[in-house]
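# Coordinate inspection notes
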Amino acid sequence: MESFCRFKIWLLLVFLTIFQLGNGFYLPGSYPHKYGVGDFLNVKVNSLTSIETEMPFGYYSLPFCQPKEGVKDSAENLGELLMGDRIENSPYRFKMYTNETDIFLCKTKLLSGQEFKLLKERIDEMYQVNIILDNLPAIRYIKKDKYLLRSTGFPVGIKVQDAYYVFNHLKLTVLVHKYEETNVARVMGTGDAAEVIPTVGNSGTDAPGHMVVGFEVVPCNVQHNIDSVKNLNMYDKYPSQIKCDPTTVTRAIKENEPMAFTYEVSFVESDIKWPSRWDAYLKMEGSKVHWFSILNSLMVITFLAGIVLVIFLRTIRRDLAQYEELDKEAQAQMNEELSGWKLVVGDVFRAPSNPSLLCVMVGDGVQILGMAIVTILFAALGFMSPASRGTLITGMLFFYMILGIAAGYVATRLWRTMFCGDHKGWVSVSWRVACFFPGIAFLILTTLNFLLWGSHSTGAIPFSLFVVLILLWFCISVPLTLVGGYFGAKAPHIEYPVRTNQIPREIPPQKYPSWLLVLGAGTLPFGTLFIELFFIMSSIWMGGVYYVFGFLFIVMILLVVVCAEVSLVLTYMHLCVEDWKWWWKSFFASGSVAIYIFLYSINYLIFDLKSLSGPVSATLYLGYSLFMVLAIMLATGAVGFLSSFWFVHYLFSSVKLD
């Protein structure tokens, strides 16, 4: 009892530590910011990104203007660092509700040959500049034919014929919502005075002010007179009026010549309220097709799953009814005359080959599946919105570590069940569970990280973060997995309803290889998620924002149901042909969906990411896809195995046997 109390105190301290880390990495923007007229607004910059290379780079890796006080990193959480975000301060600043034009920012030094070459490379690779105001990314609207396209950020520059042009002037528009209410809940649109949401800002709480509800940018290339800005300081007035025309370019960059940067800002009152300010970013093109396709997929798969389930239940009940209506002599005669699942009663619970590996993979699969369901549920409830960068990855890591208890418990109890309650080896199994999937993930991510380090990308995980991840692994995840293994070793093992013969039964030759059927079984689970998979892949690799977590949660639950049903059917089919080696086949019957997802990833790389340039980018894509596919295989395989184990146990415990 004393040791258990100490464990609870230790777990509480770990939780409080993580909570404090979360506060330490707090990013402004999760709560309303109220600004008075004349309050300073500071723009921040994020990493440069490109859908052609998928390798982010720091904003100041290019010769842009730097702030007077020097470059400083903003508060970042663990998820942001893993995603490659590097949010830093910028020289762009202005006052709330104060329109300004022709603001001089800086004149760079003469472009060296290396800087000139780097700028051209970034323009050719279509890198985007990402600026942020009050946690809102800048959004750019582009008119094309009759359509109005929108995207976050703006290009570094553009190539026209053989000349390269950098966008050296920004026309910024800030949408603000004015309010004079002291009741913040009414401002937020909740109408409930008890639900007061705190505001932070430079003004007093009771003073009227403005909230930033939109941030738009129009990049331009203008002809700056370098001689006229020699004596200007940052934020001085540019000598002449600047006309921003995004359809024309006038000043190309040249080696051994400086660049000058300017900007202008205007404020526009908007009816958009603070809770709705992300709506412009979450409007996906073709959203009606997206919703219709998901709904259609859910209906079709539910219908097919219902048919399979009804046929399956009727078949099993008929077999059991016929078997139980016979007396003992007739049952013995039936066993001699008929073939089927009844003949493998003495071998069906024989331990599989590599039992330790199976226990480890099932335990890790339970951990990953639990992490995915809980994370998606929290995201669907709005706790992990796009406004809170990195919270999704941070939440996944947190839930994965906590669910190490479930992984250790399931793996150890399954191990003891296979060996009829023997405690021997449970510590070894728990250790393997704690190190199997994280070890493979660490190997893959380290290999990819070396590629990113070699490219000087901000997507590379810093060495200090590597140390933090290893400490989280061995100081939190491993101990919790061992605790789960301890409880699994203490829990009573699942007793088999039948005895296992000493001599294994010979499996009759099959017409078709059984593994061929197992590999083909993954097509049905793949059908439940391939439409949603397209939108997820597009949001990851095309720079979009994925937000329909409610649909994703439904698809996840449906996937679990279909994986269980597919594995049940295949296990029953194998038993009917007297194949009692069902353990691994039940795992890979549903886990084989990972093969089709990986093939789909290759298809997506070839046909949708045609512009992906260079072997490094392709290697990164395939490496991350392999990591994702491994996690999916373990999660779906665990579902299939556990459902099949329950089914086999229920089936043979329902038959009257001596």
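Here is a short report on the structure shown in this document. (Residues numbered from 1 in each chain as written. Predicted model: local features only at pLDDT ≥ 70, side-chain atom pairs only at ≥ 80, totals over all residues. Heavy atoms only, no water.)

## Description of the state of the cysteines
Selection rule: Disulfide: a pair of cysteine sulfur atoms within 2.5 Å of each other. Under the scheme used here, helices are H or I runs from DSSP no shorter than 4 residues and strands are E runs no shorter than 2 residues, and both carry numbers assigned from the N terminus. Buried residues are those whose accessible area, probed at 1.4 Å on protein chains only, stays under 20% of the maximum for their type, while exposed residues exceed 50% and partly exposed ones sit between those limits.
Applying the stated criterion across every chain, the model contains two disulfides. Bridging cysteine 65 to cysteine 106, the disulfide has an S-S length of 1.8 Å. Around the S-S axis, the bridge from cysteine 65 to cysteine 106 shows a dihedral of about -85° and counts as left-handed. With cysteine 65 in the loop between β2 (40–45) and α2 (78–83) and cysteine 106 in strand β4 (residues 100–107), this pair connects stretches of sequence that are 41 residues apart. Across this residue pair, the class does not change: cysteine 65 and cysteine 106 are buried. Here cysteine 220 is linked by a disulfide to cysteine 244, with a sulfur-sulfur distance of 1.6 Å. With the S-S bond torsion at 55°, the cross-link from cysteine 220 to cysteine 244 turns out right-handed.

## Examining the pairing of strand β16 (residues 260–269)
Quick note on the threshold: Paired strands, as defined in this entry, are two strands with at least two bridges between them according to DSSP.
Burial analysis of β16 places seven of its ten residues in the buried class, which makes it a mostly covered element. Here β4 pairs with β16 via five bridges, running antiparallel. Directly across from cysteine 106, in β16, lies its bridge partner phenylalanine 261. As defined by bridge partners, strand β13 (residues 169–179) adjoins β16 across eight bridges and the pair is classed as parallel. Residue pairing for β16: leucine 175 is matched across the bridge by valine 268.

## Observations regarding the nonpolar core
Rules: For the purposes of this section, nonpolar cores are sets of buried Ala, Val, Leu, Ile, Met, Phe, Trp, Tyr and Cys residues that join through side-chain atoms within 4.5 Å.
Counting residues in hydrophobic clusters, the biggest one holds 86 residues, and the most contacted among them are Val348, Phe641 and Phe652. Core analysis: the next-biggest nonpolar cluster, separate from the first, contains 57 residues, Leu62, Val166, Leu170 and Phe267 among them.

## A closer look at a nonpolar patch on the surface
Going by this rule: Within this analysis, patches are made of residues with over 30% relative accessible area and no salt bridge. Like charges are joined at 9 Å or less; nonpolar side chains (Val, Leu, Ile, Met, Phe, Trp, Tyr) at 5 Å or less. Computed with a 1.4 Å probe, the accessible areas rest on the Shrake-Rupley method; for each residue, only the protein chains presented here act as cover. Think of a salt bridge as a Lys or Arg side-chain nitrogen and an Asp or Glu carboxyl oxygen that are within 4 Å of each other.
A surface patch of nonpolar side chains, about 420 Å² in accessible area, is lined by Val427, Trp431, Phe442, Ile470 and Phe474. At the level of elements, α11 (426–454) and α12 (463–490) are the ones that each hand at least two residues to the nonpolar patch. Inspection of the secondary structure assignment puts tryptophan 431 in helix α11. The exposure class of tryptophan 431 is partly exposed, given its relative accessible area of 39%.

## Comments concerning α11
Filter applied, for reference: Helix span is expected to be 1.5 Å times the residue number reduced by one. Fitting axes to the seven residues that end at a residue and to the seven that start at it, the angle between those axes gives the bend at that residue.
Relative to the 42 Å expected for 29 residues at 1.5 Å per residue, α11 spans 42 Å between its end C-alpha atoms, a close match to the ideal helical length. The principal kink in α11, of about 30°, is found at phenylalanine 436, preceding the proline proline 438 by one to four residues. Downstream of α11 by one or two residues, histidine 456 has phi in the positive range, about 60°.

## Considerations on the packing of aromatic side chains
Inclusion rule: Two rings from Phe, Tyr or Trp (for Trp, the six-membered ring) form a pair when their centres are within 6.5 Å of each other. A pair whose planes differ by under 30 degrees is stacked, one over 60 is edge-to-face, and the rest are tilted.
For the coordinates displayed, the defined rule picks out 42 aromatic pairs. Taking 5.0 Å as the distance between ring centres and 45° as the angle between the ring planes, the aromatic pair formed by tryptophan 278 and tyrosine 281 counts as tilted. Classification of tryptophan 278 by relative accessible area gives buried; the value is 12%. Take tyrosine 281: its relative accessible area is 11%, and that puts it in the buried class. Centre to centre, the rings of phenylalanine 526 and tyrosine 596 are 6.4 Å apart; their planes meet at 40°, and the pair counts as tilted. Residue phenylalanine 526 is found in helix α14 (residues 523–541), and its partner tyrosine 596 is found in helix α17 (residues 593–607); the two are separated by 70 residues along the sequence. Given a relative accessible area of 16%, phenylalanine 526 falls into the buried group. Among the aromatic side chains, those forming a connected cluster through ring pairs are Phe442, Phe450, Trp453, Phe466, Trp473 and Phe474.

This is a description of form; function is not addressed.
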